[in-house]
Amino acid sequence: MPEHAPELDDLVSQDYAAGFVTDIAADTLPPGLDEQVVRAISAKKEEPEWMTEWRLDAFRRWQAMRPPRWAHVSFPDIDFQAISYFSAPKGDRPKSLDEVDPELLRTYEKLGIPLHERAKLAGVDESEQAVPEVAVDAVFDSVSVATTFKDKLREAGVVFCSMSEAIAEHPDLVRRYLGSVVPKPDNFYSALNSAVFSDGSFVYIPKHTRCPMELSTYFRINAENTGQFERTLIIADEGSYVSYLEGCTAPMRDDNQLHAAVVELVALDDAEIKYSTVQNWYPGDEQGRGGIYNFVTKRGACLGARSKISWTQVETGSAITWKYPSVMLRGADSVGEFYSVALTRNRQQADTGTKMVHIGPRTKSTIVSKGISAGHSRNSYRGLVRMNPAAAGARNYTQCDSLLIGDTCGANTFPYIESKLPAAVVEHEATTSKVSDEQLFLCQQRGIDPEKAVAMIVNGFCKDVFRTLPMEFAVEAAKLLEVSLEGAVG
Amino acid sequence: MAGSTADPAVATSSALARRLLDIETSDRSSWLDRAACQAVIARGLPDTRGEPWKYTNVNRWYDVALATHDPAALGIEAPDDVLVVDFDDPRTRPLTAAHRGKAFDLEEHPLAAVNGLLLDAGMAIVVPDDWHGEAPVRISDDGPSYQHILLVVGRGASITLVEEACGFTHRIVEAVVEPGGQLRHLRRQRPTPRRECSLVAVHLDRDARYELAQSSRGAELRRNDVVVTLAGSGAQVTVNGAWRLIDREHLDTQVAVNHVAPQGFSRQTYRGVVADRARAVLNGRIHIAAGAKATDAALNTKNLLATDSAEVYAKPELEIFESDVQCSHGATVGTLDEEAVFYLRSRGLSDKAARALLVDGFLREAIADDEGAARLEVVA
Amino acid sequence: MSLLEVRDLHVNVDDKPILKGLDLTVEAGEVHAVMGPNGSGKSTLANVLAGRPGYDIDVGSITLDDEDLTAATPDERAHRGLFLAFQYPIEIPGVSNMEFLKAAVDAHAVHTGLSEPSAVDFIKRARATAEQLHLSADFLKRGVNEGFSGGEKKRNEILQMLLLEPRLAVLDETDSGLDIDALQVVAEGINAFRAGDNAIVLVTHYQRLLNYVVPDHVHVLIDGRIARSGDHTLAHTLEDEGYGWLDG
């Protein structure tokens, strides 16, 4: 008897490369949350009075709310008084990249995030695979530490800055749109975020402008016992286009840390926003110790006619994921898309999916979700497709596939379909499969080792989603999956 | 007869629970464990906030839960050799010992606990081992408010149950199919202005088979819970459902197929047509437990909305804890294919006739004529 | 030294003995046909040579180029040059044929210490080989065996064999389910592969394929043992008279 295929479970181990801690002096508020803390955060950020009041209103609403219980995840109650709501590297925000603490620059370098604006060399042959330029907003714990390529973007009229700067410099846009897509009391965590959010990215693309480069925000949680509550707002004015990338990592720690972000997207007439996430928060260890609680509210509003919002997410991290990037399809003929790969292993729990709310006529939405469960993890797709009475001619297509690796994991699918309209069409399909012994044997017979074979089969399973990612992100995502599936081969 | 009080309007779960725990309940023998029923009710009856009653206002059923109805007898016809006994009969005792609690979990069906406390009529039907015959068991509609029918299909036996499922406040049909047994269940629901709920709970042993064909017209409030557990290896289940709702009718169908043992096979097919201001809810769940290897499970539901003010809520669910399975579901909501309407009209049919023909064909994808589809026709 | 030596092989599948003391020696440059009635253990032999999980070797040994492979994993055997053309090729959705072939060729290159072929060279070679088997270039872009016809799946197996250039190719019922045109294409592929430094074991139920690929030796497998061996004329005898005359 040959020592044949190693147990599939063994192929799924953990190897978290982003788990280091940066030793840097930080200015951190003591744990606890009350009105004084909310005022203190607002004061630290030198915010105008209206912003402070906005936060306090959110805080009062939050106090009357309870954490949601309906998701298929379980964890001990969070003590919201044991969390620190603000932590920032000491010192004033650097005015330029040269002033950024070298320790921070090294951190991002180690994570593979370029915080430099290395210009493309003149005379380089076009066919050489030049790395496309990407503007980065780097958020470290509670604050944005650097934003690159600001000048170049300004030339195009694009605003890409930290939320703190936006409140100071673009108050009209912020007042008009902040909380317009995700209202403060939308849910427990959005209310909390509205009260205490510290920083995040703000993007405004003016009319008829195609953003000249990819924009990205890189979130890093570093401090201990600190929650991260960032706030992102992207406004694409009429006829504009932007592709936005988001990455996240955190050190390996035995305690759980809370990440409760809110992302709001607004697309006006004929505008398009493509929002891609590669989420690799620390997932906790094999026993389920530590890891990030990722309780995030992401929602886009297709306000304008023919506007389009597309979410692509590759989720491999977090101890618990609770996240439903959604699209409110208001504008006639607007389009919403959701492409997701969620990989869970060890004791990870993911309850993720989307909401497509069809309000305007002839609105279209597509949902493609690929869930991969391994180890003792739980992976649930939860999605809502709603056809409101005015959405005549609307269409949705949903494809939800689950892949199970090993016998101790679970995969759930909970699609909610609500239709009040005969002239709308909703189609939903879901399948469940496994990496079969036969497939593994075929690959092995052709000389491909089992670890590589599993990665290849999983990548094939996810192909429909990967092809929607910007190219350099697709490569990163595939690599991330491979690393996540890597492990001791028996 | 229980709860024959002057004011039946109770409205909320907690008020009803208090009333239920206070009143002297029926002294008739219950099949369900009365203390367990009380415990479930004491923990609280469901309200509209929870997932199981997301789309149906359960308070509207609570309003009628204690109302008095005609205490008629339960109409059951059965072939010779098939034993039919009242729950009061001592012959039901061994059945209690052998089968109680197998087919469903009281915790998950709190309305069954209300039934357990207020039971008006309970009958056990036992089909002997290896019994085969053409003659069906028949359960008629109407009768007392709270009804409970237990059916035990013996080893290798095969029988058809024809059930008219209408005219009660709550009915439980509980079936245990022993190894190799087969139960075919034709369930028909006529239109009614009442508010009524029912639970069909089936436990399948090794190589047992269960086929349900349920055709439903609407009610002011009609809720059908179906739970089938494939407890023995090689069990097979087919659940087919078709419904047609008009006016302000409301139908909520909740089906759970639980694969616990290996080599199970299940197919669920639903077709619904909803018109006027009616509302249809379908929650179809496939649950596959760890160890239920080589399970093959599928669900398919299609819904037609016939008017602008009709509503459909569909939620097909998968809960899978075993990798060695083949499992899928599909759901669509839409309206009649206008191409097909045009095709038929080009062959000379009127618009109305074309649509009627297409709707009938659509419903017959789930339920055959002799299974009750014919009775789904609506005289427009 | 022989290319393949199988000694006294006893194999159980699901605790049932299938092979009961099988011996087989294959020299470089030879083509062997293994024939036999249904249930005689032909496919078991093919699978156990490749190390398919679930085929337990009770007693006996498998040696390829003097190296004992009895306990080797399927990928180790592949690296040593053992190739199995599957009777029922498996689908791998989403993984393109080209990607799969490149991964396999690269894995072999790593093992033999050669550098991986460049993507351009590989694509050229894969296209040329596909053309030789009357497969369109588009075929290489499709998912592995996903939606392939029966004939396409079998030709895909031959394509992989030609690209991987094994020392020993074991073809398990590669002729089954093929029409006469496809059979000829497959046979041409096999003959193109046939060379002095490799060997082929054809497992087949029918003599049909042997009209196109003429074997040096024919073995008849009955009830887990080789009951008779001979030259290619034995196949014709079997075709005419069936297996019955070998019983008892």
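Here the structure is a predicted model, which is why all the values come from computation and not from measurement. (Residues numbered from 1 in each chain as written. Chains lettered and ligands numbered in written order. Predicted model: local features only at pLDDT ≥ 70, side-chain atom pairs only at ≥ 80, totals over all residues. Heavy atoms only, no water.)

**Some thoughts on the overall build of chain C**
Consideration 1: Summing up its helical and strand segments, chain C has seven helices and 12 strands in all.
Consideration 2: Taking 2.2 N^0.38 as the reference for a compact globule, 248 residues should give roughly 18 Å; the C-alpha atoms of chain C span a radius of gyration of 18 Å, in line with that estimate.
Consideration 3: Taking the principal axes of its C-alpha atoms as reference, chain C extends roughly 55 × 40 × 35 Å.
Consideration 4: Looking at chain C as a whole, 56% of its 248 residues qualify as buried.
Consideration 5: Long-range pairs, those at least 24 residues apart, make up 68% of the contacts in chain C between residues at least 6 apart in sequence.
Consideration 6: Taken as a whole, chain C presents about 10,200 Å² of accessible surface, with 48% of it coming from carbon and sulfur.
Consideration 7: Across chain C, the 21 positively charged side chains and the 40 negatively charged ones have centroids separated by 4 Å. (Helix = DSSP H or I, 4+ residues; strand = E, 2+ residues; numbered from the N terminus. Rg over C-alpha atoms; globule rule 2.2 N^0.38 Å. Buried < 20%, exposed > 50% of the residue type's maximum accessible area, 1.4 Å probe, protein only. Contact = heavy atoms within 4.5 Å. Areas by Shrake-Rupley, 256 points an atom, 1.4 Å probe, with all protein chains shown as cover. Lys, Arg positive; Asp, Glu negative; His and termini not counted. Charge placed at Lys NZ, Arg CZ, Asp CG, Glu CD.)

**Notes on the interface of chain C and chain A**
Consideration 1: Contacts between the two partners involve 40 residues from chain C and, on the opposite side, 21 residues from chain A.
Consideration 2: Both faces combined, the contact of chain C with chain A buries some 2,500 Å², and carbon together with sulfur accounts for 63% of it.
Consideration 3: Counting across the chain C and chain A interface gives three salt bridges.
Consideration 4: A salt bridge links Glu157(C) to Arg446(A); the shortest N-O distance between them is 2.7 Å.
Consideration 5: Taken together, the residues of the side of chain C that touches chain A break down into 23 nonpolar, 10 polar and seven charged. (Buried area = accessible area lost by both parts, 1.4 Å probe. Salt bridge = Lys/Arg side-chain N within 4 Å of Asp/Glu carboxyl O. Nonpolar A, V, L, I, M, F, W, Y, C, P; charged D, E, K, R; others polar.)

**Remarks on the arrangement of the chains**
Consideration 1: Once contacts are tallied for each of the two pairs of chains in contact, the highest total is for chains A and B.
Consideration 2: No interface is formed between chain B and chain C, the nearest pair of C-alpha atoms being 15 Å apart.

**Regarding the sheet that holds strand E5 (residues 67-68) of chain C**
Residue and element names in this part refer to chain C.
Consideration 1: On the basis of which strands lie adjacent, the open sheet formed by four strands has the order E2-E1-E4-E5 and antiparallel pairing. Only two strands of the sheet have a single partner each, and these edge strands are strand E2 (16-26) and E5.
Consideration 2: When strand E1 (residues 4-13) meets E2, the two strands line up antiparallel, connected through eight bridges. Bridging across to E2, His-10 finds its partner in Lys-20.
Consideration 3: Lying over the sheet, helix H1 (residues 42-50) contacts E1, E2 and strand E4 (55-64), oriented at roughly 110° with respect to E1. (Pairing = 2+ DSSP bridges. Axes fitted to C-alpha atoms, helices over the stretch in contact; angles between N-to-C directions.)

**Thoughts on the packing of helix H1 (residues 13-22) of chain B against helix H2 (residues 34-42) of chain B**
Residues and elements named next belong to chain B.
Consideration 1: Close contact between H1 and H2 brings their axes to 9 Å; oriented N to C, the two are set at 150°. When the axis of H1 is compared with that of H2, the two are roughly antiparallel. Seen from above, H1 lies across H2 with left-handed handedness. Taken together, the residues of H2 that come into contact with H1 (itself represented by Ala-17, Leu-20 and Leu-21) are Gln-38, Ile-41 and Ala-42.
Consideration 2: The class makeup of the residues in the contact of H1 with H2 is five nonpolar, one polar and no charged. (Parallel < 35°, antiparallel > 145°, perpendicular 65-115°, else oblique. Left-handed = near helix turned anticlockwise from the far one by under 90°.)

**Remarks on the state of the cysteines**
All names here are of chain A.
Consideration 1: Evaluation of the coordinates by the stated rule reveals zero disulfides over all chains.
Consideration 2: Between Cys-211, a free cysteine, and Cys-161, which holds the nearest cysteine sulfur, the sulfur-to-sulfur gap is 13 Å.
Consideration 3: In this model Cys-302 remains outside any disulfide bridge; the closest cysteine sulfur is found in Cys-211, 18 Å from its own.
Consideration 4: For Cys-302, a relative accessible area of 0% puts it in the buried group. (Disulfide = S-S within 2.5 Å.)

**Notes on the interface of chain A and chain B**
Consideration 1: Listed by partner, the interface residues are 29 residues for chain A and 35 residues for chain B.
Consideration 2: Around 2,600 Å² of area is buried between chain A and chain B when both sides are counted, 51% of it from carbon and sulfur atoms.
Consideration 3: Taken together, the links from chain A to chain B amount to two salt bridges.
Consideration 4: Of the charged contacts, one joins Asp324(B) and Lys434(A) as a salt bridge, the two residues approaching to 3.7 Å between their closest N and O atoms.
Consideration 5: Applying the counting rule to chain A against chain B returns 13 residue pairs in polar contact (both at pLDDT 80 or more).
Consideration 6: If you list the elements that add at least two residues to the side of chain A that touches chain B, you get strand E22 (410-419) and strand E23 (425-434) of chain A.
Consideration 7: No other element matches the 10 residues that E22(A) contributes to the side of chain A that touches chain B.
Consideration 8: Residue classes in the side of chain A that touches chain B are distributed as 13 nonpolar, nine polar and seven charged.
Consideration 9: Both E23(A) and strand E18 (residues 325-334) of chain B contribute to a ladder of seven bridges, which runs antiparallel. (Polar contact = N/O pair within 3.5 Å; in protein donor to acceptor, adjacent residues only side chain to side chain.)

**Re the environment of Glu51(B)**
Residues and elements named next belong to chain B.
Consideration 1: Its place among the elements puts Glu-51 in the loop between H2 and helix H3 (59-65).
Consideration 2: Exposure remark for Glu-51: the relative accessible area of 34% places this residue in the partly exposed category.
Consideration 3: A distance of 2.8 Å separates the side chain of Glu-51 from the side chain of Lys-315, its partner in a polar contact.

**A short note on the pairing of strand E8 (residues 231-236) of chain A**
Residue and element names in this part refer to chain A.
Consideration 1: With six of six residues buried, E8 lies mostly within the body of the structure.
Consideration 2: Here E8 shows a buried face lined by Arg-231, Leu-233 and Ile-235 and a second buried face lined by Thr-232, Ile-234 and Ala-236.
Consideration 3: Examined bridge by bridge, strand E6 (residues 201-205) and E8 share four bridges and lie parallel to one another. Within the sheet, the bridge partner assigned to Tyr-204 lies in E8 and is Ile-235.

**Remarks on the sheet that holds strand E10 (residues 199-203) of chain C**
Residue and element names in this part refer to chain C.
Consideration 1: In spatial order, the strands read E6-E9-E10-E3-E11-E12; together these six strands make up an open sheet with mixed pairing. Since the sheet does not close on itself, it has two edges, and those belong to strand E6 (82-85) and strand E12 (225-230), each with one partner. On average, adjacent strands in this sheet sit at an angle of 20° to one another, irrespective of strand direction.
Consideration 2: On top of the sheet, helix H6 (residues 180-193) reaches strand E9 (168-172) and E10; it is set at about 150° to E10, its chief contact.

**What about the environment of Asp401(A)?**
Residues and elements named next belong to chain A.
Consideration 1: Residue placement: Asp-401 occurs in strand E21 (residues 395-404).
Consideration 2: Overall, the relative accessible area of 9% leaves Asp-401 in the buried class.
Consideration 3: In this structure Asp-401 touches Ser-369, Lys-370, Gly-371, Ala-430, Thr-431 and Phe-461, once residues within four positions along its chain are discounted.
Consideration 4: Only 2.9 Å separates the side chain of Asp-401 from the side chain of Lys-370, close enough to count as a polar contact.
Consideration 5: There is a polar contact of 2.7 Å between the side chain of Asp-401 and the side chain of Gln-399.

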